[in-house]
Amino acid sequence: MADASDIPGEVLKSLRAGAVIPAHPLALTPSRALDERRQRALSRYYVDAGAGGLAVGVHTTQFAIREAGLYEPVLRLAAETAADWASRPMIMIAGLCGGTDQARREAGVARSLGYHAGLLSLAALGQADEDELIRHSEAIAAEIPVVGFYLQRAVGGRDLSAAFWRRFAAIENVVAIKMAPFDRYRTIDVIRGVVEARAEDRVALYTGNDDHILLDLVTPFRMVRDGEEVEMRIRGGLLGHWSAWTKRAVEMHARARAAAEAGAIPADLLALDSQVTDANGALFDVRNDFAGCIAGCHEVLRRQGLLENMALLDPEEGLGPGQAAEIDRVSAAYPHLADDAFVKENLDRWLS
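Residues numbered from 1 in each chain as written. Predicted model: local features only at pLDDT ≥ 70, side-chain atom pairs only at ≥ 80, totals over all residues. Heavy atoms only, no water.

Draft legend 1. Up close: the pairing of strand E4 (residues 117–120). Here E4 shows no split at all, with Ala117 and Leu119 on one side and Gly118 and Leu120 on the other all buried. With four bridges joining them, strand E3 (residues 91–96) and E4 adopt parallel strand pairing. Counted as the bridge partner of glycine 95 is leucine 119 from E4. Traced from E3 through helix H4 (residues 100–112) to E4, the parallel crossover comes out right-handed. (Buried < 20%, exposed > 50% of the residue type's maximum accessible area, 1.4 Å probe, protein only. Helix = DSSP H or I, 4+ residues; strand = E, 2+ residues; numbered from the N terminus. Pairing = 2+ DSSP bridges. Right-handed = clockwise from strand over helix to strand, strands pointing away.)

Structure (structure tokens):
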């Protein structure tokens, strides 16, 4: 068993302060084997872009890595690359999926590779009631510190009550929650649950709301508990969107945090939020119900040269109808959101 006290102090401090944590994609050869050179280059890119951590084995990495026998190799490669390349502590988060037995096994693998926490997907327990979900979460939290995950329904999530999030946040080994319901009401349910559990100093809030990234980072959430106001902030993001154009994401995160601390949100930052949301609509293929949400990020990375091709583990997956044209549109409209020059300058070094 590992608990939050086992997380190195600088890593835990970074997690709680708020960080940019890209959801790590999977680099494949044309024959759909792991491309270790480009997988390593991606990790190096995220480190040099200023990311505070890496999330590996998550949705953007493709859940099918498990059936392909790639879960441990992919996690190992990212952990080794981060340790070798970064000059600062990196928050390492492993995706945990499946029923309790599978998630326990994955937690053991992640722990053995030096991962600090597990992002716990509840998607496989779709028919379970909230009591069962809490028992499952407690069992996994007994193995590794846990980051909760509120996943939107369009990609396999389910609605969860504020009472569930209160009980979840009360689990001592929960260190953070990624909120990605793409729904303001349900985002507030999570925050309310954390406050009601009196866990606001222990559980860090991270946005996964790709349609609301910058606004999440600058909004003060004020809840009333026992007649007194409690303020919480979403400190960072764990996002598939941040797997591409990551250097710009780091810069925007820093700017949003500075504005939040100053208590003054400039109008151009609010305008930037709408541009990021528009760009996300292209990368995540919103027009086709998120069918190309992994492929869109891959396409940006391919255009930059970080990925060689668009191969995904499922040969039926790829860009949605019209998605490439949408990526063309947002790339032309918002060149300030891209970090193409940064990638071009460093690509050979990352691929070496």
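Draft legend 2. View of the nonpolar core. In this structure, Tyr45, Tyr115, Phe168 and Ile177 are the most contacted members of the largest nonpolar core, which totals 130 residues. Sequence-distant contacts of phenylalanine 168, defined by excluding residues within four places in its chain, comprise Ile134, Ser137, Val146, Gly148, Val174 and Ile177. (Core = buried A, V, L, I, M, F, W, Y, C linked by side-chain atoms within 4.5 Å. Contact = heavy atoms within 4.5 Å.)

Draft legend 3. Looking closely at the sheet that holds strand E5 (residues 146–151). Read from one edge of the open sheet, eight strands run E1-E10-E7-E6-E5-E4-E3-E2, paired in parallel fashion. For this open sheet the edge positions go to strand E1 (20–22) and strand E2 (53–56), each flanked by a neighbour on one side alone. Pairwise comparison of adjacent strand axes, ignoring direction, gives a mean angle of 25 degrees for this sheet. Here H4 sits on the sheet and contacts E3 and E4; the angle it forms with E3, its principal contact strand, is near 155 degrees. (Axes fitted to C-alpha atoms, helices over the stretch in contact; angles between N-to-C directions.)

Draft legend 4. Summary view of the packing of helix H2 (residues 36–49) against helix H9 (residues 246–262). Where H2 meets H9, the closest approach of the two axes is 8 Å, and the angle between their N-to-C directions is 30 degrees. When the axes of H2 and H9 are compared, the pair comes out roughly parallel. Of the two possible hands of crossing, H2 and H9 adopt the one that is right-handed. Along its contact with H2, which presents Tyr45, Tyr46 and Ala49, the element H9 presents Thr246, Lys247 and Val250. (Parallel < 35°, antiparallel > 145°, perpendicular 65-115°, else oblique. Left-handed = near helix turned anticlockwise from the far one by under 90°.)

Draft legend 5. Geometry of helix H5 (residues 130–141). In this model, H5 (12 residues) spans 16 Å end to end at C-alpha, consistent with the 16 Å of a helix rising 1.5 Å per residue. Of all the positions in H5, only Leu133, Ile134, His136, Ser137, Ala139, Ile140 and Ala141 are classed as buried. Residues of H5 that are buried sit in contact with E3, H4, E4, E5 and helix H6 (162–169). The N-terminus of H5 is capped by aspartate 129, whose side-chain oxygen sits 3.1 Å from the backbone nitrogen of aspartate 131. (Expected span 1.5 Å × (residues − 1). Polar contact = N/O pair within 3.5 Å; in protein donor to acceptor, adjacent residues only side chain to side chain.)

Draft legend 6. Broad picture of the packing of aromatic side chains. A complete count under the given rule lists nine aromatic pairs for this structure. Between tyrosine 45 and tyrosine 46, the aromatic rings sit 5.1 Å apart at their centres with planes inclined by 40 degrees, giving tilted as the arrangement. Residue classification places tyrosine 45 among the buried residues on the basis of a relative accessible area of 0%. On the accessibility criterion, tyrosine 46 (0% relative accessible area) is buried. Each ring, one from tryptophan 165 and one from phenylalanine 168, has its centre 5.4 Å from the other, and the planes form 75 degrees; the classification is edge-to-face. Of the two residues, tryptophan 165 and phenylalanine 168 are both situated in helix H6; the distance of three residues between them amounts to about one turn of the helix. (Phe/Tyr/Trp six-rings, centres within 6.5 Å; stacked < 30°, edge-to-face > 60°.)

Draft legend 7. Broad picture of H9. For H9, with 17 residues, the first-to-last C-alpha span of 24 Å sits near the 24 Å given by 1.5 Å per residue. Turning to H9, its buried residues are Thr246, Ala249, Val250, Met252, His253, Ala256, Ala259 and Ala260. Among the structural elements, E1, H2, helix H8 (213–218), strand E10 (234–239) and helix H10 (267–283) are those in contact with the buried residues of H9. Glycine 263 sits one or two residues past H9 and shows a positive phi near 75 degrees.

Such coordinate-based values are descriptive only and should not be taken to indicate function.
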